[in-house]
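This is what each chain is made of:
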Amino acid sequence: MDAIEILKSEHKGAKSLMEEIVKSPASKRKQLFEKLMGELETHDRIEEQVFYPAVAANPKSSSLPGADKKAHEAVEAILDTLHALPVDDKTWITQFTSMQKQLLAHVSDEETKYFVLIRTLLSTVELIALGEKMKIAKKQLVKVG
């Protein structure tokens, strides 16, 4: 699987998990939220430490902007706030849906603009090789985490 397909697959998984969290009772919400936080943390680290640096290092795509660090930081800040609140707090679900909207807007931007452009600049072989590097990095992160 190439690097972009890996990231899009993870985006799809996060979207599904967020939808499940919104529909779930508070008793199940905490466990699902913890899972989401772990997956998003791993995903962001792979993007920031492997994917975007590799894109920037490639002469064909080096002129592209890097990761949207501000979008990642904004989502991380809301996740930290949510993590500190009890899931049955009145404001929890409101804050969660706000974070969900921000995250989905970021994902849409990545998938419809950035990934499309990268796919035109990098070959299938390059994207598959990058995907392999991402899989290895993810295994290492999951072992450590």
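Use the structure listed above.
Note that the coordinates shown come from a computational prediction; the quantities given were computed from them, not determined experimentally.

J.: Report on the layout of surface pockets, specifying residues and quantitative values.
T.: Approximately 270 Å³ is the volume attributed to the largest pocket. Around the largest pocket, the lining is made up of 22 residues, and of these Glu-10, Ala-14, Glu-39, Leu-40 and His-43 lie nearest the centre. Tallied by class, the residues present in the lining of the largest pocket amount to eight nonpolar, seven polar and seven charged.

J.: Residues and numbers for the packing of helix H1 (residues 3-23) against helix H2 (residues 26-57), please.
T.: Viewed as axis vectors pointing N to C, H1 and H2 meet at an angle of 160°, and their least axial separation amounts to 10 Å. Taken together, H1 and H2 sit at an angle that is classed as roughly antiparallel. Like other packed secondary-structure pairs, H1 and H2 cross with a definite hand, here left-handed. Taking contact as the criterion, the partners of Ala-3, Ile-4, Leu-7, Glu-10, His-11, Ala-14, Leu-17, Met-18, Glu-20 and Ile-21 in H1 are, on H2, Lys-28, Arg-29, Leu-32, Phe-33, Lys-35, Leu-36, Glu-39, Leu-40, His-43, Glu-47 and Phe-51.

J.: Residue-level account of the side chain of Glu-10, with values.
T.: Considering the arrangement of structural elements, one finds Glu-10 in helix H1. In this structure Glu-10 comes out as buried when scored by relative accessible area, which is 17%. Glu-10 has contacts with His-43 and Lys-138, leaving out every residue within four places of it along the chain.

J.: Kindly report on the environment of Met-1, identifying the contributing residues and their values.
T.: Summarising the element assignment, Met-1 is placed in the segment before H1. Taking the C-alpha atoms as reference, Met-1 lies 14 Å from Lys-138; in sequence the two are 137 residues apart. Once you skip the residues sitting within four places of it in the chain, Met-1 turns out to touch Ile-6, Ile-128, Gly-131 and Lys-135.

J.: Account for the pattern of salt bridges, naming residues and giving values.
T.: Scanning all chains against the criterion turns up nine salt bridges. The salt bridge involving Lys-28 is made with Glu-20; its shortest N-O contact spans 3.4 Å. Take Glu-20: its relative accessible area is 32%, and that puts it in the partly exposed class. With a shortest N-O distance of 3.5 Å, Glu-34 and Lys-30 are connected by a salt bridge. Of this pair, Glu-34 and Lys-30 both sit in helix H2, separated by four residues, roughly a single helical turn. Residues joined by salt bridges that share partners form a network here, namely Asp-2, Glu-5 and Arg-119.

Cut-offs and rules
Residues numbered from 1 in each chain as written. Predicted model: local features only at pLDDT ≥ 70, side-chain atom pairs only at ≥ 80, totals over all residues. Heavy atoms only, no water. 1 Å grid on protein atoms, 1.4 Å probe; cavity = no way out; pocket = protein on both sides within 12 Å on 5 of 7 lines; lining within 4 Å. Points joined across faces, edges and corners; volume = space filled by probe spheres on them. Nonpolar A, V, L, I, M, F, W, Y, C, P; charged D, E, K, R; others polar. Axes fitted to C-alpha atoms, helices over the stretch in contact; angles between N-to-C directions. Helix = DSSP H or I, 4+ residues; strand = E, 2+ residues; numbered from the N terminus. Parallel < 35°, antiparallel > 145°, perpendicular 65-115°, else oblique. Left-handed = near helix turned anticlockwise from the far one by under 90°. Contact = heavy atoms within 4.5 Å. Buried < 20%, exposed > 50% of the residue type's maximum accessible area, 1.4 Å probe, protein only. Salt bridge = Lys/Arg side-chain N within 4 Å of Asp/Glu carboxyl O.

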